[in-house]
Amino acid sequence: MIPNDVKITPELVAEHGLKPDEYQRILDLIGREPTLTELGIFSAMWNEHCSYKSSKKWLRTLPTTGPRVICGPGENAGVVDIGDGQAIIFKMESHNHPSYIEPYQGAATGVGGILRDVFTMGARPIAALNALRFGAPEHPRTRHTVSGVVAGVGGYGNSFGVPTIGGEVNFDESYNGNCLVNAFAAGLADADKIFYSQAKGVGLPIVYLGSKTGRDGIHGATMASAEFGADSEEKRPTVQIGDPFSEKLLLEACLELMASGAVIAIQDMGAAGLTCSAVEMGAKGDLGVELDLDKVPCREAGMTAYEMMLSESQERMLMVLDPKREKDAEAIFRKWGLDFAIIGWTTDDLRFRIKQHGQIMADLPIKELGDQAPEYDRPWVATPKPAALAPADVPAPNDLSEVLLKIVGSPDQCSRRWVWEQYDHLIQGNTAIGPGGDAAVIRVGHSGKALAFTLDVSPRYCAADPVEGGKQAVAECWRNLTAVGAEPLAITDNLNFGNPEKPDIMGQFVGCIQGIGEACRALDFPVVSGNVSLYNETNGKGILPTPAIGGVGLLPDMAKRATVSFKRAGEAIVVIGETKGHLGQSIYLRDVLARREGAPPPVDLAIERRNGDFVRAEIRAEGLTAVHDVSDGGLFLALAEMAMAGGIGAKIEAPGDLPLHAWAFGEDQARYVVTLPETMVKDLLARAAKAGVPAVRIGATAGHELTLDGCNPISLQRLKAAHEGWLPAYMAAAPAEAL
Amino acid sequence: MKSAVIVFPGSNRERDMLYALEKITGEKPLPVWHTETELPKVDLVVLPGGFSYGDYLRTGAIAARAAIMDDVRKKADQGVHVLGVCNGFQILCEAGLLPGVLVRNNHLKFVCKHVKLEVANASTDFTNKYNKGDVWRCPVAHGDGNYFTDAETLARIEGEGRVVFRYAEGTNPNGSLNDIAGIINDRGNVMGLMPHPENEIEPLNGGAEGRNLFESVLEAVA
Amino acid sequence: MKARIKVMLKNGVLDPQGKAIEGALGSLGFDGVASVRQGKLFEVELAEKDPSKARAALDEMSKKLLANTVIENYAIEFDEK
Amino acid sequence: MKARIKVMLKNGVLDPQGKAIEGALGSLGFDGVASVRQGKLFEVELAEKDPSKARAALDEMSKKLLANTVIENYAIEFDEK
Ligand SMILES: Nc1ncnc2c1ncn2[C@@H]1O[C@H](COP(=O)(O)OP(=O)(O)O)[C@@H](O)[C@H]1O
Ligand SMILES: [Mg+2]
């Protein structure tokens, strides 16, 4: 056992991830050498993951308010008004490093953490999504990581009982040593019954709820902020184990307790467990906190104060309770078989005081622990703007149909069915559109209302031009919500980047945030929550900048929703939005020509909005039979996806003013493919012209082949075999995750 | 029809079941907590889907020994209808109310998708609204749905027409023996099935043929 | 008192996990694996000090909960003192 | 040659299964169960006849597949001949 009064050496400081000047700041703040427990507390509170010291300056530039925003960033999750006295509460969070070390448990506890963030605020979770990024398929560790992460996401969410309805899966060598696991959760609550973490009132009991504390994940928060090196194997024992069963009990117990009116403030224990949660509750309420660690339910004997304060055991909560209701509260927790213990009190002296065995183990100024965390304005250099790729510089293939087959069966564009069939996407019985479409749609109550959810980002665009890439991620998210007929409400973001101490990486971060902010403002799409994950590097090599955007949209009348599948033969196919044949940074360029060049497609936010508003209005007027947005892989891939989903082919005539391959695979933004009865095309085009929205009829649905004028027809059967085949075949070579 | 839905720690499709029962029977079903020792007077007792006790040890094992299960056994003996769906089916097997056991899916992965179910016996109280040979779409969502029993028991339940539903058209999602998706006890009042008829009851679900199952019981007890 | 209970599937009972592991070992290049069966192992710590009483209790626990005797066999072992 | 591989969670690693079983034993009326930890047991039949080669192979298998060495320990035992 390490004594609390151990001499604090520079090595010890460094091991805690604190820089010498940061340590000096601690000495200045408290006027003495910290105890070991205190050093641990500072290291937890001041690491990148909890303090946002490199990112805060830039996060402040994001728009976070709007007429529907009830609570923006700063709480466990964002809260948005969806009418009828209801609110949707949502957030996204990364669990990248733990998932690389132990894919199953890392991903599982990531899901558990984000679910807790949502139900801590009083919401019953109704949807989960996950954005996953893995190394190159041929990298020896990729299969193992995919198999474990997917099983872990499913293992937790399925048992907990939330439908997992969407997300993203990508492969790229930049994630070889550092996968990304970004978990999103959303929950539903009454708008006037939201619970916050701010403690109120002096001398009130602080109650510990849930599972017992063990030595899990000590140093977890610090690990999540440290760059990976070859010694990452050494960090293994810090892995936390998830217990979805306990989490489900915790959910039911918390919701029951909240309904009883006994809860004054509540905070889940996530990163840096007891430390972060207690400090946050006190500091927000301008109160001190005193904890008696002898009262903390422990799983293991002989835990030190240091260990208890830094443990990241899962499925735990901290609450400030109305003292008159203590007995009722305890009865509820006992009924659900969970631990319940009063472990401390709020005080009026603004100190964070930790006692164990009658001794003071830590005594720190509570506000400063949070507010006085270092904040850096890190040097950054803007990513040089790439020159746009000249169309003449992108050779045409011999056979467009073969290229399409290759693309539909490629690692990044193939069907993700293998993944989402391992997720219970139907539980709760409200899934109106499940995984596989543009956005998933979940019914809300029985008034006809529904919510749409999607996660999006194209890291290759962000790498080429962070500002445009940031804009594009938000625009694509907005477009996906629009494509099902939803009004986009707000987003959460999960900003995954490399080492911010490198000016070029910091430049990527700054650029992406600029682009995200610009798009959010232009589209009235505020950021209500999010998470930053930095130091995603292995041996000095950073990941592609990956700011994942999670969007939520509202459908007032779920009956008027659109899906991607062709519905019947003989319908007209119309492209909304202008096709210019932009091939820079396209999938065609990368996956067929093996080139990563040029500028990504420019995003014109006014056009994005105009085209999207037009499509949404048409969906709501019930004028369209199928809708799909155009993104990776361009028009030809969008058409193929619609055909495969509906089991109906199409005959397409490309307008002759562009080289065919640019027309087919260009990734111009703000576009949608829609279908409708032929008799209604004229009116649609007239309405589009009136709204200033480019729209052009490009063909009709027909038969069981996809035929692009001048190319070989491709049977749906071949397309489907390629599309559905790749992932199962790839994963068949991996042993299934023994659960 | 009066019905009760037993809630175990870790049950998670009880709300789906409560909703379906109310929608179809027009009467609010009664949730019953696992520590109760007596069921209310009802016509149908349902053990819902989920991960009771986290599916730890064996699926359904710990729930099968819950306090309420003695009365479930008693009511079953008295002829009350008992339906176990997914985890409920696993619990009924562990409790000895149905023969056999549900083991890990043959591919070892959790699977959630729509399968085709063939009605193998349409003359039970749970299936009289179907026709024998009907094939309908229904979702599954489980990690342990692979029905197994010894050859003798298998021959017996097959011979007695106690296999009620089978996975059809090559949609067996778990390796289940003889494509078995649901079975019934010898008396015909206790049925278990892996698929989720409660999630296939209205247009939102893309199909509503799960209703027939509940409507069959409704008619049988009328 | 510390004891171990081993629970194995009876012969003839399908063992999907064991079979999958067999397959996986094969594809990992391990030859000559004739069969794999997966079972469970429980380490139980008991207050009871009397070995024969402890064994009786463990036997009860196994029958009532730890093993599904329709498909599984169990064996009780005590830690060598 | 027949061998057994025992896989148990490392000390200090949360064992939700063990915890749930402990609880269930308690409510079934078994008193004095201080703790339950659940592990896995693999019975492997090998063609290999040489014990030291067999052990080396089993060691590899355990590391590569049977045990998750991040959170689990394993031990190899041979059947007493
Ligand atoms: N990229 C971001 N954009 C907007 N808000 C963010 C971002 N990153 C973090 N936040 C907000 O900062 C607060 C603290 O985040 P975090 O520490 O991840 O939450 P938690 O403590 O619940 O895990 C949250 O309210 C979160 O929504
Ligand atoms: Mg939180």
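Residues numbered from 1 in each chain as written. Chains lettered and ligands numbered in written order. Predicted model: local features only at pLDDT ≥ 70, side-chain atom pairs only at ≥ 80, totals over all residues. Heavy atoms only, no water.

A. Broad picture of helix α2 (residues 51–66) of chain C. The end-to-end C-alpha distance of α2(C), which contains 16 residues, comes to just 19 Å, noticeably less than the 22 Å that a straight helix rising 1.5 Å per residue would cover. Residues A54(C), L58(C), M61(C), S62(C), L65(C) and L66(C) constitute the buried set of α2(C). The buried side chains of α2(C) occupy one side of the element, clustering within an arc of 110° when seen end-on. Along α2(C), exposed side chains directed more than 90 degrees from the buried face belong to S52(C) and K53(C). Turning to α2(C), the residues buried within the fold contact β1 (2–9), β2 (33–46) and β3 (72–78) of chain C together with α1 (16–27) and β2 (33–46) of chain D. The N-cap residue of α2(C) is D50(C): its side-chain oxygen and the backbone nitrogen of S52(C) are 2.8 Å apart. (Helix = DSSP H or I, 4+ residues; strand = E, 2+ residues; numbered from the N terminus. Expected span 1.5 Å × (residues − 1). Buried < 20%, exposed > 50% of the residue type's maximum accessible area, 1.4 Å probe, protein only. Arc of directions from axis to C-beta. Contact = heavy atoms within 4.5 Å. Polar contact = N/O pair within 3.5 Å; in protein donor to acceptor, adjacent residues only side chain to side chain.)

B. Examining the confidence of the model for chain C more closely. When the pLDDT values of chain C are averaged, the result is 90; 98% of them are 70 or greater. This prediction of the complex comes with two scores: 0.94 for pTM and 0.92 for ipTM. (pLDDT = per-residue confidence, 0-100.)

C. Examining the site of ligand 1 more closely. All names here are of chain A. Around ligand 1, 17 residues are found, and the nearest of them are Y52, G74, E75, D493 and G530. K91 places a polar side-chain atom, nitrogen or oxygen, 3.1 Å from an oxygen atom of ligand 1. D117 is positioned such that a nitrogen or oxygen atom in its side chain is 3.1 Å from an oxygen atom of ligand 1. For ligand 1, whose accessible area on its own is 550 Å², the fraction buried by protein is 85%. (Near = heavy atom within 4 Å. Areas by Shrake-Rupley, 256 points an atom, 1.4 Å probe, with all protein chains shown as cover.)

D. Expanded view of the coordination of the magnesium ion (ligand 2). Residues and elements named next belong to chain A. In this structure, N76 (OD1), D117 (OD) and D268 (OD) serve as the protein donors to the magnesium ion (ligand 2), at separations of 1.9 to 2.7 Å. Motif for the magnesium ion (ligand 2), donor spacing along one chain: N-x40-D-x150-D. Of the two residues, N76 is situated in the loop between β1 (69–71) and β2 (78–81) and D117 in helix α7 (residues 103–119); the sequence distance between them amounts to 41 residues. Looking at N76, the relative accessible area reads 6%, which means it is buried. (Donors = N, O, S within 2.8 Å, 3.2 Å for Na, K, Ca; no water.)

E. Highlighting the pattern of salt bridges. Residues and elements named next belong to chain A. With the rule as written, the count across this model stands at 87 salt bridges over all chains. Across the salt bridge formed by E667 and R460, the nearest N and O atoms sit 2.7 Å from each other. Taken together, the residues span a long stretch of sequence, with E667 in the loop between α23 (660–665) and β25 (672–677) and R460 in helix α17 (residues 459–464) at a distance of 207 residues. Note on accessibility: E667 and R460 belong to one class, buried. Close ionic contact of D629 with R479 constitutes a salt bridge, the shortest N to O distance being 3.9 Å. With D629 in strand β23 (residues 626–629) and R479 in helix α18 (residues 466–483), this pair connects stretches of sequence that are 150 residues apart. Look at D629 and you get buried, because its relative accessible area is 2%. (Salt bridge = Lys/Arg side-chain N within 4 Å of Asp/Glu carboxyl O.)

F. Looking closely at the packing of helix α1 (residues 14–25) of chain B against helix α5 (residues 211–221) of chain B. All names here are of chain B. Orientation of α1 relative to α5, taken along the N-to-C sense of each, is 60°, at an axis distance of 10 Å. One element, α1, and the other, α5, form an angle in the oblique class. The handedness of the crossing between α1 and α5 comes out as right-handed. Contact with α1, carried on its side by M17, L21, K23, I24 and T25, involves R211, F214, E215 and L218 of α5 and no other residues of that element. For the contact of α1 with α5, the per-class residue count stands at 5 nonpolar, 1 polar and 3 charged. (Axes fitted to C-alpha atoms, helices over the stretch in contact; angles between N-to-C directions. Parallel < 35°, antiparallel > 145°, perpendicular 65-115°, else oblique. Left-handed = near helix turned anticlockwise from the far one by under 90°. Nonpolar A, V, L, I, M, F, W, Y, C, P; charged D, E, K, R; others polar.)

G. Just the packing of aromatic side chains, in detail. Residues and elements named next belong to chain A. Tallied over the full model, the rule gives 21 aromatic pairs over all chains. Of the aromatic side chains, those joined through ring pairs into one cluster are F134, F171, W726 and Y730. Against the face of W58 rests K57, its NZ or CZ located 5.0 Å from the ring centre. One cation-aromatic arrangement involves R143 over Y730; the distance from NZ or CZ to the ring centre is 4.2 Å. (Phe/Tyr/Trp six-rings, centres within 6.5 Å; stacked < 30°, edge-to-face > 60°. Lys NZ or Arg CZ within 6 Å of the ring centre and 35° of its normal.)

H. Representation of the side chain of K248(A) in the model. Note on placement: K248(A) falls in helix α10 (residues 244–259). Taking the relative accessible area as the measure of exposure, K248(A) reaches 5% and is therefore buried.

I. How the structure looks around the pairing of strand β16 (residues 450–456) of chain A. Residues and elements named next belong to chain A. Burial analysis of β16 places 7 of its 7 residues in the buried class, the great majority of the element. Alternating residues of β16 divide into A450, A452, T454 and D456 and L451, F453 and L455, and every residue in both groups is buried. Here strand β15 (residues 440–443) pairs with β16 via 4 bridges, running antiparallel. The residue of β16 that forms the bridge with V441 is A452. Counting the residues that bridge the hairpin from β15 to β16 gives 6 residues, and of these G445 lies at a positive phi of roughly 60°. Alignment of β16 against strand β21 (residues 546–555), held across 7 bridges, turns out to be antiparallel. Residue F453 lies in a different strand from β21, and its bridge partner there is V552. (Pairing = 2+ DSSP bridges.)

J. Structural context of the relation of the copies chain C and chain D. Of the transformation placing chain C onto chain D, the axial shift is 0.0 Å and the rotation is 180°, giving an RMSD of 0.3 Å. Such values leave the two copies arranged in the relation of a two-fold axis. Relative to the rotation axis, the closest C-alpha in chain C is found at K40(C), a distance of 2.2 Å. Most of the interface of chain C is mirrored in chain D, where 100% of its interface residues again form contacts. (Least-squares fit on C-alpha atoms with pLDDT ≥ 70 in both.)

K. Quick peek at the interface of chain C and chain D. Counting residues at the interface gives 29 residues for chain C, matched by 30 residues for chain D. When chain C packs against chain D, the two sides together hide about 2600 Å² of surface, and 70% of this comes from carbon and sulfur. On the chain C side of the contact with chain D, F30(C), L41(C) and E43(C) bury the most area, a combined 21% of that side's loss. Our count for the contact surface shared by chain C and chain D stands at 0 salt bridges. Counting every contact that joins chain C to chain D gives 10 residue pairs in polar contact (both at pLDDT 80 or more). Of all the elements in the fold, those that place two or more residues in the side of chain C that touches chain D are β1, α1 (16–27), β2 and α2 of chain C. The dominant element in the side of chain C that touches chain D, judged by the number of residues it contributes, is β2(C), at 14 residues. (Buried area = accessible area lost by both parts, 1.4 Å probe.)

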